[in-house]
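Descriptive analysis of the structure
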Amino acid sequence: MEMELESILLPGVSEQRPLVIAGPCSAESEEQVMETARSLASKGVQIFRAGIWKPRTKPGGFEGAGVAGLPWLQRVKRETGMYTSTEIATKQHVLDAVKHGIDLLWIGARTTANPFAVQEIADTLLISGFQGPVLIKNPVNPDLELWIGAIERIYNAGIRKIGVIHRGFSSYEKKLYRNLPQWHIPIELKRRIPKMPLICDPSHIGGKRELIAPLCQQAMDLNYDGLIIESHCNPDCALSDKEQQVTPDVLEYIISMLVVRETKQTTENLTNLRRQIDEIDGELLSILSKRMRISREIGQYKKEHNMPVLQTLRYDEILENRSSQADKMGIGVPFMKTVLEAIHEESIRQQIEVLNR
Ligand code: PEP
Ligand code: MN
């Protein structure tokens, strides 16, 4: 589906990468919201985030301040000049957030995974007259089509200021990250919808303070447009996600240390190098096609002499010998094995085709 998207940058927001959205996981009290907001505004943050309704995995946790917290966000806007944003998950959330003048809305990971909920939000956005921006987090499960489906539902409600937030994907095994980044999924999304602004949420990917900085840098290196980072005036006392929240001071430090490489200027050198890569890829393709032609000839020979297509000894020998050759040339052995396996599979397929002719 072709999408005509408009910029998600609200008037006056800096066009410099990265766009930074920061604030606590949850709005807990008016004092906590105001203290955090004042501090963030003094460090140049222009968009404040705070969860008003919190989707909790189990009952009994802090479920957010609810509607009572919306006037706190209005006060943030009034007193600091920052734009405000929050997560919406139901029809009522949309109506309440819009009524209180929240500037930017986002759809949480658990909600994106549920098409009924996304459709309800889309229908309510349409009747509310809200124009966006709306940011759509990836669904908890690594399903690109589901993510794109949610984007299309919001787009079909007339919203043109749309962006996506990459917050990682659930996995049963908890290793380094709270949610596996699986960078290739948002990158594929960007390939499919090139104009889609891509925002990284290192807080929910990492789940730990010390992972925020390297994740932010990685996002910048992958050309993300923005970052949404959880920041709390007193993280150790936060009512939700305390291990991953950083103080406004730390947030400022993390942002100041980021190396943001400019991507738009393609230098002459780069163009030349790319031309060489194009040529080499062309050679690779013609060598591969030559290899397949010989492989088919071998298939013909095997057919005439009634030999089986797959000869495992020969295959083992190829794997062994090419891998050690690759190793000597500085090419990773696992990579070489993957390439050889793929080539071998295609050879076998072509030989079987010859056999059945
Ligand atoms: C959040 O941003 O606080 C949040 C609940 O995130 P997610 O939907 O990514 O879990
Ligand atoms: Mn959170």
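What comes next concerns the included structure. Computed from a predicted structure; not experimentally measured. Each residue is numbered by its place in its chain's sequence as written, counting from 1. Starting at A for chains and at 1 for ligands, labels are handed out in the order in which the entities are written. Selection of residues for local features in this predicted model requires a pLDDT of at least 70, selection of side-chain atom pairs for listing and counting requires 80 or more, and totals for whole chains, interfaces and linings are taken over all residues. Hydrogens are left out, water is left out, and the side-chain values use all remaining heavy atoms of the structure.

1. Describing the overall build of the protein chain
We count it as follows: Here a helix means four or more residues in a row that DSSP labels H or I, a strand means two or more in a row labelled E, and each is numbered from the N terminus. The globule rule is 2.2 Å times the number of residues to the power 0.38, and the radius of gyration it is compared with is taken over C-alpha atoms. Whether a residue is buried, partly exposed or exposed follows from its accessible area with a 1.4 Å probe, protein chains only, as a fraction of its type maximum: under 20%, in between, or over 50%, in that order. The contact criterion used throughout is that any non-hydrogen atoms of two residues lie within 4.5 Å. Accessible surface is estimated by sampling points in the Shrake-Rupley manner with a 1.4 Å probe; for residues, cover comes only from the protein chains shown.
For the protein chain, the count of helices and strands is 13 helices and eight strands. On C-alpha atoms alone, the protein chain measures out to a radius of gyration of 26 Å, which is more than a quarter above the 21 Å that the 2.2 N^0.38 rule sets for 357 residues. Overall, the protein chain is about 85 × 45 × 40 Å in size when its C-alpha atoms are taken along their principal axes. Within the protein chain, the fraction of its 357 residues that count as buried is 44%. Summarising the internal contacts of the protein chain: among those between residues at least 6 apart in sequence, 73% fall at separations of at least 24. For the protein chain, the exposed area adds up to about 19100 Å²; of that, 53% sits on carbon and sulfur atoms.

2. Considering the coordination of the manganese ion (ligand 2)
What counts is decided by this rule: Listed donor atoms are N, O and S within 2.8 Å of the metal (Na, K and Ca: 3.2 Å). As water is not included, a site may look incomplete.
Protein ligation of the manganese ion (ligand 2) involves Cys25 (SG), His204 (NE2), Glu230 (OE) and Asp241 (OD), the donor distances falling in the range 2.0 to 2.4 Å. Taken in sequence order, the residues that donate to the manganese ion (ligand 2) follow the motif C-x178-H-x25-E-x10-D. Placement of the pair is Cys25 in the loop between strand E1 (19-23) and helix H1 (30-42) and Glu230 in strand E8 (residues 226-230), with a sequence separation of 205 residues. Overall, Glu230 belongs to the buried group, its relative accessible area being 0%.

3. So, the site of ligand 1
Rules: Summary of the distance rule: residues count as near a molecule or strand when at least one heavy atom falls within 4 Å of that molecule or strand. Counted as a polar contact is a pair of N or O atoms within 3.5 Å, where, for protein atoms, one must be capable of donating a hydrogen and the other of accepting one, and residues adjacent in sequence contribute only when both atoms are in side chains.
Around ligand 1, the surrounding shell consists of Cys25, Arg49, Lys54, Glu87, Trp106, Gly108, Ala109, Arg110, Lys137, Arg167, His204 and Glu230. Take Lys54: an N or O atom from its side chain is 2.8 Å from an oxygen atom of ligand 1. Interatomic distance of 3.3 Å between a side-chain N/O atom of Glu230 and an oxygen atom of ligand 1.

4. A look at the packing of aromatic side chains
The following threshold applies: Pairing of aromatic side chains requires ring centres within 6.5 Å, counting the rings of Phe and Tyr and the six-membered ring of Trp. Pairs whose planes differ by under 30 degrees are stacked, by over 60 edge-to-face, and all others tilted. The rule is short: NZ of Lys or CZ of Arg within 6 Å of the ring centre and within 35 degrees of the ring normal puts a charge over the ring.
A complete count under the given rule lists one aromatic pair for this structure. In this structure, Arg160 is placed above the aromatic ring of Tyr155, and the distance from its NZ or CZ to the ring centre is 3.7 Å.

Purely geometric numbers; function is a separate question.
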